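Chain and residue survey
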Amino acid sequence: MSDLDHRVGVSEANLVVRHLKLTGITDGNLLAIVAEIDGTFGIDAVSFEEAKNTLHIGYDATHCNLDRIETIIRAHGADISDDFWTKMKEGYYQFVDENIRENAKHKPWSCHPVPPGKSHKKK
């Protein structure tokens, strides 16, 4: 896949997929949650699996984060499940998202100077 296979603002290199178990979901707030998350910049895809009460989200971790998604969920009267595995995944997701954001900001460097008459750009 390439970046052209995704929505605007989503880079293949920074794309992550998250699965969050939710509580307090009703027919009314489910549609609002999915619609608002889907309209957020950096979101590639969002869906909800009713059988498991699980929200599946694909997003670019440099433009979007799990805290923003959780805020949207809570604003509509639902919440992230309080079970052990969901909390463990949530912590791991936040750790990985932070690493992706930090790596995207990192500027590579080298202590070796460019030889005279050469350039970094490939011809």
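Just above, that's the structure.
Below, the structure is looked at part by part. All values derive from a computational prediction rather than experimental measurement.

The subject of this paragraph is the pairing of strand β1 (residues 15-23). Side chains V16, R18, L20 and L22 project from β1 onto a buried face, and the interleaved L15, V17, H19, K21 and T23 project onto a face without burial. Here 2 bridges tie β1 to strand β4 (residues 79-80), and the two strands are oriented antiparallel to one another. Directly across from L22, in β4, lies its bridge partner I80.

Here the focus is the nonpolar core. By size, the foremost hydrophobic cluster in this structure holds 23 residues, and its most contacted members are I37, L55, I57, Y59, I69 and I73. Elements with a minimum of two residues in this core: β1, α1 (27-38), β2 (43-49), β3 (54-60), α2 (66-75) and α3 (84-105). At 4 residues, the largest contribution of residues to this core is made by α2. Not counting residues within four places of it along the chain, the set of residues in contact with L55 comprises R18, H19, L20, L22, V34, I37, V46, S47, F48 and I73.

A few words on α1. The end-to-end C-alpha separation of α1 is 17 Å, in line with the 16 Å expected for 12 residues at 1.5 Å each. Looking only at α1, the buried set comprises N29, L30, I33 and I37. End-on, the buried residues of α1 take up no more than an arc of 105°, which puts them together on one face. Away from the buried face of α1 by more than 90 degrees, exposed residues D27, G28 and L31 are located. Tucked into the core, α1 has its buried residues touching β2, β3 and α2.

What counts and what doesn't
Residues numbered from 1 in each chain as written. Predicted model: local features only at pLDDT ≥ 70, side-chain atom pairs only at ≥ 80, totals over all residues. Heavy atoms only, no water. Buried < 20%, exposed > 50% of the residue type's maximum accessible area, 1.4 Å probe, protein only. Helix = DSSP H or I, 4+ residues; strand = E, 2+ residues; numbered from the N terminus. Pairing = 2+ DSSP bridges. Core = buried A, V, L, I, M, F, W, Y, C linked by side-chain atoms within 4.5 Å. Contact = heavy atoms within 4.5 Å. Expected span 1.5 Å × (residues − 1). Arc of directions from axis to C-beta.

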